[in-house]
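Structural overview for review
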Amino acid sequence: MPERNLNFDEVVDRKNTKCLKYDFAVRRGLPEDVLPLWVADMDFRTSSYIQDAITEIARHNIYGYTNVQRGDGFFEAVSGWMKRHHDFDVKPEWHVITPGVCFAISAAVRAASEPGDAVIIQQPVYYPFYNIILQNGRKPVSSDLVHNEDGSYDIDYDDFERKIIENRVKLFILCNPHNPVGRVWTREELLKLGNICKAHNVTVFSDEIHFDFIWNGEHSVFQELDPSFRDFTITATAPSKTFNIAGLQQSNIFIPDRTLRRKFREQVGIAGFDEPNIFGIAAAQAAYEHGDEWYSAMLDYVQKNIEFANKYVNEELPEVKMRKPDATYLIWLDFNGTGLDTEGIEDLIINKAKLWLDSGKIFGKSGEGFQRINVACPRSVLEDALSRIKNVL
Ligand SMILES: Cc1ncc(COP(=O)(O)O)c(C=O)c1O
């Protein structure tokens with residue numbers, strides 16, 4: 001059966017579908033008519049294999065408690081994808097299902113630290129990291145990334161280690177690839193971070209949710225870089241970004257260390273999560289078994305969108321700086337050259353251009369002056385968004 005959903009140019013109306021991206025502008029204090037390119041989901045229909053798997057369950061029409069076990073095809077599909085695309089050999093006993101990566105981060109914070117303990121992150125970074133640490137009564141500490149003249153970002157290892165020591169950090173939440181700056185951390189960079197964490201007994205939560213969107217460089221699964229890293233790492237993956245199925249809430253967490261896994265599972269249970277969602281499981285299995293054709297066509301389309309945006313920004317928006325991301329479908333635009341302050345930039349984007357992007361300030365203080373724009377949309381929508389910015393500048 002051939003893949004049917006390969007028309008990424010199609011503009012699908014997502015309004016009035018309880019869609020977080022399209023239906024919540026007014027509720028969140030924005031004008032009703034903003035064009036949304038904020039939250040990280042795609043405006044594309046997913047693979048027809050996923051659609052068919054879900055339809056089959058809907059036809060069966062019984063949605064009782066669901067679970068998976070070795071041999072029923074689910075784990076085999078997940079591990080097949082990890083091996084095929086990331087040369088990552090996952091063992092069934094490492095595997096823990098959670099209803100999302102943020103849920104897993106929250107459980108990891110409680111499993112690997114005590115109330116009041118410090119947890120380190122690298123801002124500007126995916127903003128729920130900071131909030132989840134705070135909400136769990138822990139102390140967020142940031143070793144901010146270094147922003148270079150050419151727009152690239154690096155790690156300040158001395159600062160990272162000093163902050164770990166000074167704050168007696170217990171957990172590091174690593175974002176690899178990094179949202180929003182689009183870095184794919186190299187083996188050398190990850191090894192340095194890992195060795196610092198190892199030396200100071202810091203558990204690592206390696207959030208690799210964007211690992212299927214690599215444009216430049218090579219993604220390394222952190223826990224596989226050194227056999228000893230398996231002893232203190234929780235690796236988070238999910239089909240949600242890759243196949244645009246975030247609403248189905250299914251993620252696959254791998255924890256080789258038995259004690260860490262037990263503590264993590266305990267926190268998942270304390271949060272009240274037991275069996276997974278029937279649709280999430282079916283979708284993930286179909287995606288990982290049959291989604292390769294859709295996935296590679298989607299990658300090709302999104303990569304062209306990134307090229308399109310890069311050319312547009314360079315040629316038409318001289319006040320704005322863009323560096324092509326090495327990974328993710330998120331573009332980190334630097335508006336500091338407009339001479340506007342954060343409020344001025346937000347007014348320009350929201351009220352004048354009528355766009356809903358993610359303001360850089362929510363990613364940490366070092367994100368001020370930036371806007372994050374999601375380019376996983378039909379090219380006509382992206383062109384509309386960029387021309388709105390051009391018109392108001
Ligand atoms: C780095 C990162 N982690 C986690 C998530 C969210 O994952 P989930 O929807 O599975 O909680 C996102 C979504 O944008 C993300 O960018």
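Structure shown above.
Attention in this report is confined to the structure presented alongside it. (Residues numbered from 1 in each chain as written. Predicted model: local features only at pLDDT ≥ 70, side-chain atom pairs only at ≥ 80, totals over all residues. Heavy atoms only, no water.)

In the neighbourhood of the ligand, the contacting residues comprise Ala40, Gly100, Val101, Cys102, Tyr126, Cys175, Asn179, Asp207, Ile209, His210 and Lys241. Within the contact set of the ligand, an oxygen atom lies 2.9 Å away from a backbone nitrogen or oxygen of Cys102. Asn179 is positioned with one of its side-chain polar atoms (N or O) 2.7 Å from an oxygen atom of the ligand. Taking a 2 Å distance to the grid points as the criterion, the majority of the atoms of the ligand fall inside the largest pocket. Classifying every residue of the shell around the ligand by side-chain character gives 6 nonpolar, 3 polar and 2 charged. (Near = heavy atom within 4 Å. Polar contact = N/O pair within 3.5 Å; in protein donor to acceptor, adjacent residues only side chain to side chain. 1 Å grid on protein atoms, 1.4 Å probe; cavity = no way out; pocket = protein on both sides within 12 Å on 5 of 7 lines; lining within 4 Å. Sits in = over half its atoms within 2 Å of the grid points. Nonpolar A, V, L, I, M, F, W, Y, C, P; charged D, E, K, R; others polar.)

Because side chains alternate across strand β10 (residues 251-254), one face comprises the buried residues Ser251 and Ile253, and the other comprises Asn252 and Phe254, equally buried. Inspection of the sheet shows strand β9 (residues 233-237) paired to β10 by 3 bridges, in the antiparallel sense. Following the sheet pairing, Thr237 is matched in β10 by Asn252. (Buried < 20%, exposed > 50% of the residue type's maximum accessible area, 1.4 Å probe, protein only. Helix = DSSP H or I, 4+ residues; strand = E, 2+ residues; numbered from the N terminus. Pairing = 2+ DSSP bridges.)

Turning our eyes to something else, we now look at the pattern of salt bridges. All chains considered together, the criterion is met by 27 salt bridges. Notably, a salt bridge pairs Arg45 with Glu10, separated by 2.9 Å at the nearest N-O pair. With Arg45 in the loop between β1 (35-36) and α2 (48-60) and Glu10 in the segment before α1 (20-23), this pair connects stretches of sequence that are 35 residues apart. Owing to a relative accessible area of 43%, Arg45 belongs among the partly exposed residues under this scheme. Overall, Glu10 belongs to the partly exposed group, its relative accessible area being 30%. The shortest N-O distance in the salt bridge between Asp300 and Lys304 comes to 2.9 Å. Highlighted residues: Asp300 and Lys304, both in helix α11 (residues 292-316), separated by 4 residues, approximately one helical turn. When its relative accessible area of 39% is taken as the criterion, Asp300 is described as partly exposed. Residues joined in a network through salt bridges with shared partners are Arg14, Lys21, Asp41 and Asp43. (Salt bridge = Lys/Arg side-chain N within 4 Å of Asp/Glu carboxyl O.)

Before going further, it helps to spend a moment on the packing of aromatic side chains. Scanning the model with the defined rule gives 25 aromatic pairs in all. Between Phe160 and Phe172, the aromatic rings sit 4.8 Å apart at their centres with planes inclined by 70°, giving edge-to-face as the arrangement. On the criterion of sequence distance, the pair formed by Phe160 in helix α6 (residues 157-167) and Phe172 in strand β7 (residues 171-175) is long-range, its members being 12 residues apart. Note on accessibility: Phe160 and Phe172 belong to one class, buried. Look at Phe243 and Tyr288: their rings are 6.4 Å apart centre to centre, the planes differ by 80°, and that puts the pair in the edge-to-face class. Of the two residues, Phe243 sits in helix α8 (residues 240-243) while Tyr288 sits in helix α10 (residues 278-290), which places them 45 residues apart along the sequence. When its relative accessible area of 0% is taken as the criterion, Phe243 is described as buried. A residue is classified by how much of its surface remains accessible, and Tyr288, at 0% relative accessible area, is buried. An aromatic cluster is present here, built from Phe8, Phe44, Trp81, Phe243, Tyr288, Trp294, Tyr295 and Tyr301 joined pairwise through their rings. Just above the ring of Tyr301 sits the side chain of Arg379; from NZ or CZ to the centre is 4.3 Å. (Phe/Tyr/Trp six-rings, centres within 6.5 Å; stacked < 30°, edge-to-face > 60°. Lys NZ or Arg CZ within 6 Å of the ring centre and 35° of its normal.)

This part takes up the sheet that holds β7. Reading across from one edge, β2-β10-β9-β8-β7-β3-β4 is the order of the 7 strands in this open sheet, with mixed pairing throughout. Pairing within the sheet leaves two strands with one partner each, and these edge strands are β2 (95-98) and β4 (139-142). The sheet shows a mean angle of 25° between the axes of neighbouring strands, direction not considered. Running at roughly 20° to β2, helix α9 (residues 258-270) makes contact with β2, β8 (203-207), β9 and β10 of the sheet. (Axes fitted to C-alpha atoms, helices over the stretch in contact; angles between N-to-C directions. Contact = heavy atoms within 4.5 Å.)

All right, on to the environment of Gly272 then. Structurally, Gly272 can be placed in the loop between α9 and α10. Its relative accessible area of 61% is what places Gly272 among the exposed residues. Distance from Gly272 to Asp341, taken between C-alpha atoms, is 43 Å for residues 69 residues apart in sequence.

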